[in-house]
Amino acid sequence: MEKNFSLRELNTFGFDVKARFFQEVKSLEDISDLLQNPDFISCRDATVSRINDNTSRILILSGGSNILFSSEFFDGFVVHPNIKGIETLEETGETVKIRCYSGEVWKDFVDYTVSRNLYGLENLADIPGKTGAAPVQNIGAYGAEVKDTIYQVHTIDLTNGQTKVFSNEECQFSYRNSIFKKHKSIMIYAVDFVLKKHGELKLDYGNIRNYLVNNNITNPTLQDVATTVKTIRAEKLPEVGVVGSVGSFFQNAIVTTDKYLEIKELYPDVPSYPVDINSVKIPSGWLIDRAGWKGHRENHVGVWDKQALVLVHYGGGKPQEILDLMKEIQDSVKDKFGVWIKPEVNII
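Residues numbered from 1 in each chain as written. Predicted model: local features only at pLDDT ≥ 70, side-chain atom pairs only at ≥ 80, totals over all residues. Heavy atoms only, no water.

Caption draft 1: Quick look at the sheet that holds strand β19 (residues 311-313). Pairing in this open sheet of 4 strands is antiparallel, and the strands run β13-β19-β18-β17 from one edge to the other. The strands lining the two open edges of the sheet, one partner per strand, are β13 (244-245) and β17 (297-298). Inspection of the sheet shows strand β18 (residues 301-303) paired to β19 by 3 bridges, in the antiparallel sense. Within β19, the position partnered with G302 by the bridge is V312. Here helix α10 (residues 319-337) sits on the sheet in contact with β17, β18 and β19, set at roughly 30 degrees to β18. (Pairing = 2+ DSSP bridges. Helix = DSSP H or I, 4+ residues; strand = E, 2+ residues; numbered from the N terminus. Contact = heavy atoms within 4.5 Å. Axes fitted to C-alpha atoms, helices over the stretch in contact; angles between N-to-C directions.)

Caption draft 2: Structural context of the packing of aromatic side chains. Under the defined criterion, the tally for this structure stands at 15 aromatic pairs. Judged by centre distance (4.0 Å) and plane angle (10 degrees), the ring pair of F5 and F22 falls under stacked. Of the two residues, F5 sits in strand β1 (residues 2-6) while F22 sits in strand β2 (residues 18-25), which places them 17 residues apart along the sequence. On the numbers, 5.3 Å between centres and 55 degrees between planes, the contact of Y267 with F337 is tilted. Placement of Y267 in the loop between α8 (257-266) and β15 (273-276) and of F337 in helix α10 is noted, with a sequence separation of 70 residues between them. Between R116 and the ring centre of Y112, over which it is positioned, the NZ or CZ distance is 3.7 Å. When the ring centre of F337 is taken as origin, the NZ or CZ atom of K336, which lies over that ring, is 5.9 Å away. (Phe/Tyr/Trp six-rings, centres within 6.5 Å; stacked < 30°, edge-to-face > 60°. Lys NZ or Arg CZ within 6 Å of the ring centre and 35° of its normal.)

Caption draft 3: Here's a closer look at the sheet that holds β15. Ordered in space as β14-β16-β15, the 3 strands form an open sheet in which the pairing is antiparallel. Lying at the two open borders of the sheet, with one neighbouring strand each, are β14 (253-256) and β15. Taking each pair of neighbouring strands and ignoring which way they run, the sheet shows an average axis angle of 35 degrees. As judged from the 3 bridges shared by β15 and strand β16 (residues 279-282), these two strands associate in the antiparallel manner. Residue pairing in the sheet places D276 in a bridge with S279 of β16.

Caption draft 4: Region of the structure containing the pattern of salt bridges. Inspection of the entire model under this criterion finds 20 salt bridges. Notably, a salt bridge pairs K147 with D148, separated by 2.9 Å at the nearest N-O pair. For D148, a relative accessible area of 48% gives the class partly exposed. R290 is paired through a salt bridge with D269; the nearest N and O atoms lie 2.3 Å apart. You can see R290 sitting in helix α9 (residues 284-290) and its partner D269 sitting in the loop between α8 and β15, a full 21 residues away along the chain. When salt bridges that share partners are traced, they join E145, K147, D148, R176 and E344 into one network. (Salt bridge = Lys/Arg side-chain N within 4 Å of Asp/Glu carboxyl O. Buried < 20%, exposed > 50% of the residue type's maximum accessible area, 1.4 Å probe, protein only.)

What follows is the structure, encoded as structure tokens:
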């Protein structure tokens, strides 16, 4: 365990936030030791006593690729799960069940599955972060969501030491959400996936199909799709570790059909994706761009000039600067379109 530990390398925004206590967990045995640590017990008891006001002095921090701290000091205990390993659990003629432990880098795990011609994760290539964080956010990109491949999730509740295996249904997955967002003391230490040996490629979201056509790829393979997604992401997103960001900062807006038609009457080129008969998804990046924010910079922070959905930290700034910029953008989009966009990032 370490005290007053800098989390600069464990949040991709790159803010120099200090944690009062910090412990890396590399095995299930480390978890047992953690639960007996007096400083951890103190923070755990404080968390349990304040459970009704949704505050916690325990933070489970993985790769930090979807975290924004609201201040420069976390007065609690940060647990960094870093258990490694990938193993095949079961194989049939059509599917393979794979267990991936929480500390494995997500993009490396996707590469692992693609190299074995297993379908399901190719559209999620190069999303930053660790595998253990993927179910929390129900990460998604280019028409795919991780929930569609998850079989079950292995966890331990750090407030009471109880282990539980959550089925896909028990995870309560929804758009960029899961039960793990509501119960922040539950640490994921492994995830079981079911991937297909033969699958249908998803090419109709974003620029995937156009990229393939422009590069004369008429019969794309699984590897072609993963490579295309990586290329598109690299062209529009800042490189992790070079410019601070969490990728997509805001969730895409889901509006009523009536609101969508109202916007479309004023802006015929508005992109949209039907959700159901009563609602439509509009890319928040388009809304932010049309509100005039793309490429905007305020001191140490700004909006990425290649993708308006991305807020960036250029270095030397403080978390409050991103929070202030977020609020300005939300108010601006609300004033222009009558739509309130929600952050996708977890604000701590």
